[in-house]
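Okay, here's what each chain looks like letter by letter:
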Amino acid sequence: MDVVERLCRQSIETPSWGYGNAGTRFQVFASPGAARNVWEKIEDAAMVHRLTGIAPRVALHIPWDQVEDWSALKAFAEERGIGIGAINPNLFQEPEYMLGSLAHPESRVRAQALAHLEACLEEARALGASVISLWLADGTNYAGQDDFRSRKARLRESLKTFVDQLQGDERVLLEYKFFEPGFYHTDLADWGIALLHCQALGPRAQVLVDLGHHPQATNVEWVVANLLDEERLGGFHFNARRYADDDLIVGSVNPFELFCIYVELVKAEQDPKLRASAEQIVYMIDQSPNIEPKLEAMILSLLNCQEALAKALLVDLEALRQYQQAGDVLGAHRVLMEAYRSDVRPLLKEVREALGVPQDPIAALKESGYLAHIEEARRA
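Residues numbered from 1 in each chain as written. Predicted model: local features only at pLDDT ≥ 70, side-chain atom pairs only at ≥ 80, totals over all residues. Heavy atoms only, no water.

Peer 1: Before we move on, could you go through the nonpolar core and cite the residues and values that matter?
Peer 2: In terms of nonpolar packing, the biggest core is built from 112 residues, with I87, L102, F236, F238, Y262 and L265 touching the most fellow members. Tallying contributions element by element places helix 10 (residues 294–313) first for this core, with 11 residues. Setting aside its immediate chain neighbours within four residues, F238 contacts L211, V250, L258, Y262, Y283, M284, I285, D286 and C305. Formed by 6 residues, the second largest nonpolar core is a distinct cluster that contains A86, V131, L173 and L208. (Core = buried A, V, L, I, M, F, W, Y, C linked by side-chain atoms within 4.5 Å. Buried < 20%, exposed > 50% of the residue type's maximum accessible area, 1.4 Å probe, protein only. Helix = DSSP H or I, 4+ residues; strand = E, 2+ residues; numbered from the N terminus. Contact = heavy atoms within 4.5 Å.)

Given below as structure tokens:
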């Protein structure tokens, strides 16, 4: 494999919500120059792509990014050299969704949630997007609040109604989360229940892995390997967490985990049986910078993903297999560690030259005058 060529093909969507002001449950800290609407979010995403060369699409969140003229928004993005990525419906902020959306006990509320999904699908088609990325807040907080199997059946029925409307290369990615806001149970709690639904719904339904949505000590690379083997891994939300869904900069907490995840992905890309499935995975950043400079944080996440992939591509997979077959535990481990400890800066310098982007994208951002420009322009 040509490592430089593979790195030049790396593609990661950035999230529109990562460019605007966001916060924790306690406070929203306003950032100078933060994007105030979807038009400004696209401008920021386009700037990030110009500096890194590996972020050619921006994911949108509906209704946060709602506009009246989707064709105008698509043209606006294309003029700035960027495309529209996954569409993320919002099924957790309306008061009707207090007890759930697609799994709600009342058919009226489930119909409202489905109508929103259908509207998002039409908007995706207008934008040239083919992926609906779906996270649900559905769950319960008290024992006896609802019946588990009834909720599962209602969710399955709602999802099937939506999936049956997909056409062409359209697909839905089911994102799971083991707690919050439902603290007794959540309806899509882990990769297993998400996979069960996807297998019942057909090939257009795939699992989305958010790195922050796991209990402590979960072996995420093992989860990734299993989903790859089932050909049901549809996408990632890359971030980092210390305790729960912290949405921190990718690779900032456990860079070795990120590397090991990329190793599994590279292995799948080189497996003739899994190559086609692995190549259609959608990679997305999902973070909400609260105390960090937003564009710098986004660029750093992208660069950390780029570095992790570069190191994963250096793993001697044949040597790894031989050590594994021989039962040489530490020999196999050393193969991984040798690649992980590699200095890939010269390799990434070559990649950035091939992409025609600055050698130091963060320094280039600070020197470009863009930050001062948006702070002044968005002061109101």
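Picking up where we left off.
Peer 1: Can you explain the pattern of salt bridges? Please cite residues and give values.
Peer 2: Note that side chains of opposite charge can pair when their charged atoms are close. This model, assessed by the stated rule, comprises 26 salt bridges. E40 is the salt-bridge partner of R378, the closest N and O atoms lying 3.6 Å from each other. Placement of R378 in the segment after helix 15 (370–377) and of E40 in helix 2 (residues 38–52) is noted, with a sequence separation of 338 residues between them. Judged by its relative accessible area of 10%, E40 falls in the buried class. In this structure, the salt-bridge partner of D343 is R345, at a minimum N-O distance of 2.9 Å. Here the salt bridges do not stand alone but share partners, grouping R36, E40, E43, D44 and R378 into one network. (Salt bridge = Lys/Arg side-chain N within 4 Å of Asp/Glu carboxyl O.)

Peer 1: An account of empty space enclosed by the protein is needed here, citing residue identities and associated values.
Peer 2: One pass over the structure, following the stated rule, counts 1 cavity of 30 Å³ or more. By volume, the largest cavity amounts to about 40 Å³. Contributing to the lining of the largest cavity are W135, L136, D138, E175, Y176, K177, E180, T186 and L188. Of the residues contributing to the lining of the largest cavity, the split by class is 4 nonpolar, 1 polar and 4 charged. (1 Å grid on protein atoms, 1.4 Å probe; cavity = no way out; pocket = protein on both sides within 12 Å on 5 of 7 lines; lining within 4 Å. Points joined across faces, edges and corners; volume = space filled by probe spheres on them. Nonpolar A, V, L, I, M, F, W, Y, C, P; charged D, E, K, R; others polar.)

Peer 1: Describe helix 14 (residues 361–368), and please don't skip the residues or the numbers.
Peer 2: Buried residues of helix 14: P361, I362, A364 and L365, and no others. In a view along the axis of helix 14, the buried residues occupy a sector of 160 degrees, so they form one face of it. Of the residues in helix 14, the exposed ones pointing more than 90 degrees away from the buried face are K366 and E367. Backbone geometry just after helix 14 places G369 at a positive phi near 85 degrees. (Arc of directions from axis to C-beta.)

Peer 1: Account for the pairing of strand 3 (residues 83–89), naming residues and giving values.
Peer 2: Within strand 3, 6 of the 7 residues are buried, which leaves the element mostly enclosed by the surrounding structure. Inspection of the sheet shows strand 2 (residues 57–62) paired to strand 3 by 5 bridges, in the parallel sense. Bridge pairing in strand 3 links L60 to I87. Each parallel crossover has a hand, and the one from strand 2 via helix 3 (residues 70–79) to strand 3 is right-handed. (Pairing = 2+ DSSP bridges. Right-handed = clockwise from strand over helix to strand, strands pointing away.)

Peer 1: An account of the side chain of H185 is requested, with residue identities and associated values reported.
Peer 2: Structurally, the position occupied by H185 is in strand 7 (residues 185–186). Judged by relative accessible area, which is 15%, H185 ranks as buried. Within the structure, the side chain of H185 is placed 2.6 Å from the side chain of T140, a separation counted as a polar contact. Among the polar contacts listed, one links the side chain of H185 to the side chain of D187, at a separation of 3.1 Å. Setting aside its immediate chain neighbours within four residues, H185 contacts G139, T140, F148 and R151. (Polar contact = N/O pair within 3.5 Å; in protein donor to acceptor, adjacent residues only side chain to side chain.)

Peer 1: Provide a residue-level description of the environment of A153, including the pertinent values.
Peer 2: Looking at the element boundaries, A153 is found in helix 5 (residues 148–163). Taking the C-alpha atoms as reference, A153 lies 8.0 Å from A103; in sequence the two are 50 residues apart.

Peer 1: Describe the state of the cysteines, naming the residues involved and giving the relevant values.
Peer 2: Using the criterion set out here, one finds 0 disulfides in the structure. With no disulfide of its own, C260 lies 14 Å from the sulfur of C305, the closest cysteine sulfur. Assessed through its relative accessible area of 9%, C260 is described here as buried. (Disulfide = S-S within 2.5 Å.)

Peer 1: Help me get a handle on the packing of aromatic side chains, residues and values and all.
Peer 2: Evaluated as defined, the whole model comprises 15 aromatic pairs. Geometrically, the ring pair formed by F259 and Y340 is tilted, given 5.2 Å between the ring centres and 45 degrees between the ring planes. On the criterion of sequence distance, the pair formed by F259 in helix 8 (residues 255–269) and Y340 in helix 12 (residues 329–340) is long-range, its members being 81 residues apart. Grouped by ring-pair contacts, the aromatic residues F236, F238, Y262 and Y283 constitute a single cluster. Here the basic side chain of R80 rests over the ring of F76, its NZ or CZ set 3.5 Å away from the ring centre. The ring of Y243 has R242 sitting right over it, with the charged end atom 5.8 Å from the ring centre. (Phe/Tyr/Trp six-rings, centres within 6.5 Å; stacked < 30°, edge-to-face > 60°. Lys NZ or Arg CZ within 6 Å of the ring centre and 35° of its normal.)

Peer 1: For unusual backbone geometry, give the residues involved together with the corresponding values.
Peer 2: The step from I62 to P63 runs through a cis peptide bond, and the omega angle for that step is 20 degrees. Mapped onto the secondary structure, P63 falls in the loop between strand 2 and helix 3. Between E180 and P181 the backbone carries a cis peptide bond, its omega angle lying at 5 degrees. Structurally, P181 can be placed in the loop between strand 6 (171–175) and strand 7. For D247, which is not a glycine, the phi torsion comes out positive at approximately 55 degrees. Residue position: D247 is located in the loop between strand 9 (233–238) and helix 8.

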